[in-house]
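Working through the structure, step by step
One-letter residues, chain by chain:
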Amino acid sequence: MTVTASDDFCYVYGIVPASLELPGNLTGLDDQAISLVTAGKMAAVVSRIDSDRTVGRRADLISHSRVLDAVAAAGAVIPLRFGSILQSQSEVSEQVLEPGSERFEEMLHELAGRSQFTVHVRYEESQVLAEVVAENAEIADLRSQTRDQSEDATYDARVRLGELVMHALEAKRTIDGSSLLDALLPFAAGCNVHASAGMDHLIDVAFLVEDKQRDAFEAAADQAAAELAGRARVKLLGPTAPYDFVEPRSD
Amino acid sequence: MTVAATGQRRSSGYLERPAPSSLADVVDTILDKGLVIDVYVRVSLVGIELITIDARIVIASVDTYLRFAEATNRLDLYEKGGEDLPGVIERVQQGGARGKTRGVLSGAKEALLGRDEEEEEPEERPRRRPAKKAVARRRRDE
């Protein structure tokens, strides 16, 4: 790639050690070739992008994560926030790599030999609601009061029913969520619980897992899924780049 | 239920491991994540950040309560058809209820992003169901 048109900007995916060997044939947003911009011991993973291009389409999000996950499989990487675009390669070296060099080196050192796994757990909605009704007499009463009545006639009772159900689900989430964390944390170097919503939400949590712990972690996740079977579904994503574990330090 | 025999790399079959990840998974994984550098020329997002934020908020509003009540009332428990709770539990464990239990409230994200993951770019109209209504309703109630 020797395109150097002046209206090309630089899309930056992440930061890696300059010694990293990029996986072959890797393309990024708009199928542009991926390359490294190097400054000292650090390098940025970049591809060119039109200066008037707005990012945020489905394909852009997928390209961003596909590049970072592929790079992560080859070595430590600090993922940048989606949509990071700089004006030129020299700006990448002068304004990002050089000033941040020491800090990036430290972060990469911590991330080396680790990758992220993300666990999404969703309740089987009818099952967990059945539990809630069976376990709470007031909910069961309100349910039979409102069930086959007109909405207007039972408005207040419905609001109260919904409020109780929501709180009962929250209580279940707390219990089931912490037992999942207890089961998986012994095999992880860190975790980040995501805020999320939805009636069937149980927990979404990202784990940073040492390569040598990966088998044990995956086995524990499998075990947790088996234990929750019938009550909840467990989805495991990864290994991916450590998106959740590059919190900027406030300094 | 099949219980896998012990051995190398055995799997219970219950853990879902999608690959490649769907758009919804990718959105969850990368949005609001990653290192922020402070020299951006621009961070040009088509409203996607707002979408995920919307999807993550559960507002304790009358609307929300009514949705929970509706889902609870929709359950087929003892009264109808004489099935008792153990029956329901068994049915769910056999996976029979799976198809119909999705979708009661599968999350704002699915509604916003559309269910078809393969579908290409929805031309800058990803916000099909903004959470505005719930917010507006709450304000009125306060």
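Residues numbered from 1 in each chain as written. Chains lettered and ligands numbered in written order. Predicted model: local features only at pLDDT ≥ 70, side-chain atom pairs only at ≥ 80, totals over all residues.

Remarks on the overall build of chain B
Condition: Numbering of helices and strands starts at the N terminus; helices are DSSP runs of H or I of at least 4 residues and strands are runs of E of at least 2. Neighbour counting defines burial: a residue surrounded by 20 or more other C-beta atoms within 10 Å of its own C-beta is buried, one with 12 or fewer is exposed, and intermediate counts give partly exposed, using backbone-placed C-beta atoms. Here the contact rule is simple: place C-beta atoms from the backbone, and any two residues whose C-beta atoms are within 7 Å are in contact.
What chain B contains, in helices and strands, is 7 helices and 1 strand. Helices and strands in chain B line up, N terminus first, as β-α-α-α-α-α-α-α. When burial is assessed residue by residue, chain B has 27% of its 142 residues classed as buried. The contacts of chain B with a sequence gap of at least 6 include a subset with a gap of at least 24, amounting to 58%.

Things to note about the sheet that holds strand 6 (residues 114-123) of chain A
The cut-off we apply is this: At least two DSSP bridges between two strands are required for those strands to pair.
Spatially, the 5 strands line up as an open sheet ordered 7(A)-8(A)-6(A)-9(A)-1(B), and their pairing is mixed. For this open sheet the edge positions go to strand 7 (190-193) of chain A together with strand 1 (15-16) of chain B, each flanked by a neighbour on one side alone. Relative to strand 1 of chain B, strand 9 (residues 232-240) of chain A runs parallel, the two being bridged by 2 bridges. Its bridge partner lying in strand 1 of chain B, Lys235(A) is registered against Glu16(B).

Re helix 1 (residues 58-74) of chain A
Rules: Each helix should span, by expectation, one fewer than its residue count multiplied by 1.5 Å.
Here helix 1 of chain A spans 25 Å end to end across 17 residues, near enough to the 24 Å set by a 1.5 Å rise per residue. In this structure, the buried side of helix 1 of chain A is in contact with strand 1 (8-17), strand 3 (42-50), strand 4 (78-79), strand 6 and strand 9 of chain A together with helix 1 (23-30) of chain B.

Side note on unusual backbone geometry
Apart from glycine, the bulk of residues carry a negative phi angle, and the bulk of peptide bonds sit in the trans form. Residues and elements named next belong to chain A. Residue Pro-239 follows Gly-238 across a cis peptide bond; omega there is 5°. In this structure, Pro-239 sits in strand 9. Phi is positive for Asn-25, which is not a glycine, with a value near 55°. Note on placement: Asn-25 falls in the loop between strand 1 and strand 2 (35-39). Backbone geometry places Asp-31, a non-glycine residue, at a positive phi of 60°. Relative to the helices and strands, Asp-31 is located in the loop between strand 1 and strand 2. On the neighbour-count criterion, Asp-31 (9 C-beta atoms within 10 Å) is exposed.

Structural notes on helix 1 of chain B
Restricting attention to buried positions, one finds in helix 1 of chain B the residues Val26(B), Val27(B), Asp28(B), Thr29(B) and Ile30(B). Just beyond helix 1 of chain B, the residue with positive phi is Asp32(B), at close to 60°.

Focus: the domain arrangement of chain A
Residues and elements named next belong to chain A. Put simply, the rule is: Note that domain bounds follow an automatic or database assignment of domains. Note that Gly is not counted as nonpolar here; it falls among the polar residues with everything else outside the nonpolar set of Ala, Val, Leu, Ile, Met, Phe, Trp, Tyr, Cys and Pro and the charged set of Asp, Glu, Lys and Arg.
Partitioning chain A into domains gives domain 1 (8-112) and domain 2 (115-245). A straight line from the C-alpha centre of domain 1 to that of domain 2 covers 35 Å. The partner domain 2 presents 6 residues to the 8 residues of domain 1 that form the contact. With 4 residues, the top contributor of residues to the side of domain 1 that touches domain 2 is helix 1. Classifying every residue of the side of domain 1 that touches domain 2 gives 6 nonpolar, 1 polar and 1 charged.

Description of the packing of helix 5 (residues 155-184) of chain A against helix 3 (residues 62-74) of chain B
Stated precisely, the cut-off is as follows: Simply put, an axis is a line fit to the C-alpha atoms, just over the touching stretch for a helix, and the angle between two N-to-C directions goes from 0 to 180 degrees. Note that the term roughly parallel is reserved for angles under 35 degrees, roughly antiparallel for angles over 145, roughly perpendicular for angles of 65 to 115, and oblique for everything else.
Relative orientation of the contacting elements helix 5 of chain A and helix 3 of chain B amounts to 85°, with a least axis distance of 7 Å. On the basis of the axis angle, helix 5 of chain A is roughly perpendicular to helix 3 of chain B. Across the interface between the two elements, Arg158(A), Val159(A), Leu161(A), Gly162(A), Glu163(A), Val165(A) and Met166(A) from helix 5 of chain A touch Val62(B), Thr64(B), Tyr65(B), Leu66(B), Arg67(B), Phe68(B), Ala69(B) and Thr72(B) from helix 3 of chain B. When the residues that make up the contact of helix 5 of chain A with helix 3 of chain B are grouped by side-chain class, the tally is 9 nonpolar, 3 polar and 3 charged.

Focus: the environment of Leu75(B)
For Leu75(B), the position within the fold is in the loop between helix 3 and helix 4 (85-93). Given 21 C-beta atoms within 10 Å, Leu75(B) falls into the buried group. For the pair Leu75(B) and Ile30(B), spaced 45 residues apart in sequence, the C-alpha separation works out to 35 Å. In this structure, Leu75(B) is in contact with Ser126(A), Leu129(A), Ala130(A) and Val133(A), ignoring residues within four places of it in sequence.

Side note on the pairing of strand 1 of chain A
All names here are of chain A. Most of strand 1 sits out of view: 8 of its 10 residues are buried. With 9 bridges joining them, strand 1 and strand 3 adopt antiparallel strand pairing. Residue pairing in the sheet places Val-12 in a bridge with Val-46 of strand 3. Here 2 bridges tie strand 1 to strand 5 (residues 85-86), and the two strands are oriented antiparallel to one another. Paired with Tyr-11 across the strands is Ile-85, a residue of strand 5. Strand direction decides the pairing type here: strand 1 and strand 4, joined by 2 bridges, are antiparallel. The residue of strand 4 that forms the bridge with Gly-14 is Pro-79.

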